[in-house]
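# Topology and contacts: notes
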Number of protein chains: 4
Amino acid sequence: MSFTWSTRIYYQHTDAGGVVFHGAYLNFMEAGRTEMMRSLGFDVADMVRREGLVFVVHRLNLVYRSPARLGDVVEVSTVCRGISGARLQLEQVVRRDDQELVTAEITLVCVNAADFRPTAVPGVIKAAFSNVAVGT
Amino acid sequence: MSFTWSTRIYYQHTDAGGVVFHGAYLNFMEAGRTEMMRSLGFDVADMVRREGLVFVVHRLNLVYRSPARLGDVVEVSTVCRGISGARLQLEQVVRRDDQELVTAEITLVCVNAADFRPTAVPGVIKAAFSNVAVGT
Amino acid sequence: MSFTWSTRIYYQHTDAGGVVFHGAYLNFMEAGRTEMMRSLGFDVADMVRREGLVFVVHRLNLVYRSPARLGDVVEVSTVCRGISGARLQLEQVVRRDDQELVTAEITLVCVNAADFRPTAVPGVIKAAFSNVAVGT
Amino acid sequence: MSFTWSTRIYYQHTDAGGVVFHGAYLNFMEAGRTEMMRSLGFDVADMVRREGLVFVVHRLNLVYRSPARLGDVVEVSTVCRGISGARLQLEQVVRRDDQELVTAEITLVCVNAADFRPTAVPGVIKAAFSNVAVGT
C-alpha cells in the first residue's frame, strides 16, 4: 500500500535557481507522513498532547533526480518498510506525473516528547501499519 | 466574492512557542492568492514565463488575533478590494472554523520580472477581477 | 539607539522571481529582535523556560521598497518606540548599504507561554528599554 | 581543513516539538557551504550571474543524533572529500560545543543554470579545493 499527498509548487518553495529549493522537499515529505498517519487513524497532534509521543527523523537518505518548478503539482507517496522497537522505516517518493523527482529512505524514532528518549512504537500503530506495509 | 484555500498545520509551520510561527501565515496567504488567481484563469508560473510579469508584495498590514496550532485546519479567504494602474489591493483572512486568526490588507504591484519596474495590471486580469471584486 | 544585526542572502531566502521571498524578511526581523533583546541582557529562550513569557507578534505593518538579491548582505536595525502594559512597539528597517529595502512597524505582546494571555512587560525589561528608546 | 559557520537558534528554526525542525539544518548547511566557497574566493551569486553555474544537491545522507534548542549556538563545519567531473563530495557536521548534532554526506553536482545539465567543476574551483581537501 502507498499513501499519497499532493501540493502545488508556489513561490515560497522555489529559489533563485528557478526551481524548488532542496530543503522544501522535506516539508512536502513531512506533510505526506502526517497525512499517511491520519489515514491510518493517528493524529500527530493528538499523539503529542495525549500520549506525549513524537516521531522524530533519525536518518534521511535523499536522492534528488530532477527538479520541480513553479506551478508544478507534485505528489508524495509514502510506504512503510518496517517497524522494530522504537524505529519506523519509510520510503517516500516525490513525483510530478510519473516522473520521480526525489526519493528518500527515512528512519523515524518514536520518542517521549518530554526528554526525547526512544520508546517502543505503540502496538496499535504497529498493528495498523502491519496491515499496509506490503511494499508499493 | 471570496476565494478560499485551506491547509492543515504541520510541525513545519509551528515553533517552540507551541503555535504557528508568525511568518508561516505569509506562506498560507501566498498559496491563497495563487489559487485565487488560478480560479480566475491566471497561472502565476505562466505569467512569468510567457509575459514576464510578477505580482510582488508592496505593503502588508497584518493583525494576529489568535494562534493556530499543530493539527488545526486553517482556511485562507482572499477578496480583491481594487485594481488601479499597477496595484492590486487584497484582503485576506486566515480562519479556523469561524474564528478569525489573522487578518491582512495587502498591496501587490505588477512588475516586469526582468527589472522589477511597475507595469499596469493586464486588462484581462483587471476584467476578471472586476467581475468578482464586490466584497465578501 | 538602534541595534543592528546582519546576514548574507543565501538561496534558501530567495524565490524563483530571482529576489528574496517576501516572507524571509520576517525571519531576518525576528533574528534582529532576538539579538536586540540579548544586547539588553534578555535571552528569549531563558524567558520562556524560567519565566514562562513569550513576546508574540500582534501587528505587523510592512512596506517592501526594493528587493534584496542572492549574495547581498542585509542589515536589520531595530528601535523601540514605546512600551505600555503588555505591548512593545518597535520599528525595524532592513537595509543593503544605505538603501532601505523593507521598513516595518511591529507591535509585540508579552504573553504567558502556557495560555497566551497578555501579561505586563516585566519591569526589568521596561527599564532596560527606557534607557535606549530615544529614537534612531 | 575544515571551514566553520555558526548561527544562533531562533524561533523560526524550531517547531512545536520544542526543538529545531529537522529541515532547518539543511538551511544551516547551505549557508555553511556558501561561506566555505566564499572563503576559497568563490561567490555563488557571481557564479550564476557571470558563468551560469549552480551547484545543486544530488545526494544527501543525514543522521540526526541530538536536537538543538531555542537559544543554542550551533556551528556547521564543512569538509571537501573529493571532486570528480561534475561532482563535489562534502561532509558537514552541525555541532553545539563539541557535541555532534547532525552529520551529513552530500554530493553536489555542478550544472548549467539554464538547463540544469551537469558540467565539469571549473578548474579554478577544483584547484582551490585540492589545497584544502585533506580531511578534518
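Here's what I pulled together on the structure shown here.

Cut-offs used in this document
Residues numbered from 1 in each chain as written. Chains lettered and ligands numbered in written order. Predicted model: local features only at pLDDT ≥ 70, side-chain atom pairs only at ≥ 80, totals over all residues. Heavy atoms only, no water. Helix = DSSP H or I, 4+ residues; strand = E, 2+ residues; numbered from the N terminus. Rg over C-alpha atoms; globule rule 2.2 N^0.38 Å. Least-squares fit on C-alpha atoms with pLDDT ≥ 70 in both. Contact = heavy atoms within 4.5 Å. Buried area = accessible area lost by both parts, 1.4 Å probe. Polar contact = N/O pair within 3.5 Å; in protein donor to acceptor, adjacent residues only side chain to side chain. Nonpolar A, V, L, I, M, F, W, Y, C, P; charged D, E, K, R; others polar. Pairing = 2+ DSSP bridges. Axes fitted to C-alpha atoms, helices over the stretch in contact; angles between N-to-C directions. Salt bridge = Lys/Arg side-chain N within 4 Å of Asp/Glu carboxyl O. Expected span 1.5 Å × (residues − 1). Buried < 20%, exposed > 50% of the residue type's maximum accessible area, 1.4 Å probe, protein only. Phe/Tyr/Trp six-rings, centres within 6.5 Å; stacked < 30°, edge-to-face > 60°. Lys NZ or Arg CZ within 6 Å of the ring centre and 35° of its normal.

The helix and strand inventory of chain A stands at three helices and five strands. The N-to-C order of helical and strand elements in chain A reads β-α-α-β-β-β-β-α. At 15 Å, chain A has a C-alpha radius of gyration in line with the 14 Å of a compact globule built from 136 residues. Over its C-alpha atoms, taken along the principal directions, chain A stretches across nearly 45 × 30 × 25 Å.

Between chain A and chain D, the superposition needs a rotation of 180 degrees and an axial shift of 0.0 Å, giving an RMSD of 0.0 Å. What the rotation and shift describe, once combined, is the action of a two-fold rotation axis. Proximity to the rotation axis, assessed at the C-alpha, singles out Asn61(A) in chain A; its C-alpha lies 2.2 Å from the axis. Take the interface residues of chain A: 100% of them recur as interface residues in chain D, which is what a same-surface contact looks like.

The subject of this paragraph is the interface of chain A and chain D. At the junction of the two partners, chain A supplies 20 residues and chain D supplies 20 residues. Roughly 1900 Å² is buried in total at the junction of chain A and chain D, and carbon and sulfur atoms are behind 63% of that figure. Considering only the side of chain A, the residues that lose the most area to chain D are His22(A), Tyr64(A) and Phe116(A), jointly responsible for 26% of the buried surface there. Across the chain A-chain D interface, the total number found is four residue pairs in polar contact (both at pLDDT 80 or more). With eight residues, strand β2 (residues 53-64) of chain A is the largest single contributor of residues to the side of chain A that touches chain D. Its residues assigned to classes, the side of chain A that touches chain D shows 10 nonpolar, six polar and four charged.

Now for the sheet that holds strand β4 (residues 87-96) of chain B. Strand order in the open sheet formed by 10 strands is β1(B)-β3(B)-β4(B)-β5(B)-β2(B)-β2(C)-β5(C)-β4(C)-β3(C)-β1(C), and the pairing between neighbours is antiparallel. Edge positions in the sheet fall to β1 (3-8) of chain B together with β1 (3-8) of chain C, since each has one partner strand and no second. When the angles between neighbouring strand axes are averaged without regard to direction, this sheet yields 25 degrees. The pairing of strand β2 (residues 53-64) of chain C with strand β5 (residues 99-112) of chain C spans 11 bridges and is classified as antiparallel. Across the sheet, residue Arg59(C) finds its bridge partner in β5(C), namely Thr107(C).

Turning next to the sheet that holds strand β1 (residues 3-8) of chain A. A sheet is described by the order of its strands in space; here 10 strands give the open sequence β1(A)-β3(A)-β4(A)-β5(A)-β2(A)-β2(D)-β5(D)-β4(D)-β3(D)-β1(D), paired in antiparallel fashion. The sheet terminates laterally at β1 of chain A together with β1 (3-8) of chain D, the two strands that pair on one side only. Across the sheet, the axes of successive neighbouring strands diverge by a mean angle of 25 degrees, strand direction being ignored. With nine bridges joining them, strand β3 (residues 73-84) of chain D and strand β4 (residues 87-96) of chain D adopt antiparallel strand pairing. Looking across to β4(D), one finds that Val76(D) is bridged to Val94(D). Sheet contacts for helix α3 (residues 123-130) of chain A: β2, β3 (73-84) and β4 (87-96) of chain A; angle to β3(A), the most-contacted strand, approximately 115 degrees.

For these two chains of identical sequence, chain D goes onto chain C by a turn of 180 degrees and a shift of 0.0 Å along the axis, with RMSD 0.0 Å. Taken as a fraction of all interface residues of chain D, those also at the interface in chain C reach 100%, which identifies the copy contact as same-surface.

Across the contact, 19 residues belong to chain D and 19 residues belong to chain C. Approximately 1700 Å² of surface area, both sides summed, lies buried where chain D meets chain C, with 47% of it carried by carbon and sulfur atoms. Counting across the chain D and chain C interface gives two salt bridges. One salt bridge in this structure joins Arg8(C) and Glu35(D), with 2.7 Å as the shortest N-O distance. Summed over the shared surface of chain D and chain C, the number is 12 residue pairs in polar contact (both at pLDDT 80 or more). Where the side of chain D that touches chain C is concerned, the elements lending two or more residues are β1, α1 (24-39) and α2 (44-51) of chain D. Considering each element in turn, the side of chain D that touches chain C owes the most residues, six residues, to α1(D). Its residues placed into classes, the side of chain D that touches chain C shows nine nonpolar, four polar and six charged.

A word on helix α1 (residues 24-39) of chain C. The first and last C-alpha atoms of α1(C) sit 23 Å apart over 16 residues, in line with the 22 Å expected at 1.5 Å per residue. Extensive coverage of α1(C) is indicated by the burial of 13 of its 16 residues.

Residues and elements named next belong to chain B. Backbone geometry at aspartate 97 places phi at a positive 55 degrees, although glycine is not the residue there. Relative to the helices and strands, aspartate 97 is located in the loop between β4 and β5 (99-112). Take aspartate 97: its relative accessible area is 67%, and that puts it in the exposed class.

A full pass over the atoms with the stated rule returns 12 aromatic pairs over all chains. Both rings, one in Tyr25(A) and one in Phe28(A), keep their centres 5.8 Å apart while their planes meet at 80 degrees; by these two values the pair is edge-to-face. Of this pair, Tyr25(A) and Phe28(A) are both found in helix α1 (residues 24-39), three residues apart, which corresponds to roughly one turn of the helix. Residues Tyr25(D) and Tyr64(D) carry aromatic rings whose centres are separated by 5.7 Å and whose planes lie at 70 degrees to one another, so their mutual orientation is edge-to-face. Note that Tyr25(D) is positioned in helix α1 and Tyr64(D) in strand β2 (residues 53-64), a separation of 39 residues in sequence. Of the residues examined, Tyr25(D) reaches a relative accessible area of 2% and is grouped as buried. Taken together, the ring pairs in this structure connect Tyr25(A), Phe28(A) and Tyr64(A) into an aromatic cluster. Over the ring of Phe116(B) we find Arg69(C), and its NZ or CZ is 5.6 Å from the ring centre.

As a further point, take the pattern of salt bridges. Under the counting rule described, the total for this entry stands at 34 salt bridges over all chains. Of the charged contacts, one joins Asp115(C) and Arg117(C) as a salt bridge, the two residues approaching to 3.8 Å between their closest N and O atoms. The partly exposed category is assigned to Asp115(C), whose relative accessible area is 42%. The partner of Arg95(D) in a salt bridge is Glu100(D), and the shortest N-O contact between them spans 3.6 Å. Connected via shared salt-bridge partners are Arg8(A), Glu35(B), Arg38(B) and Asp43(B).

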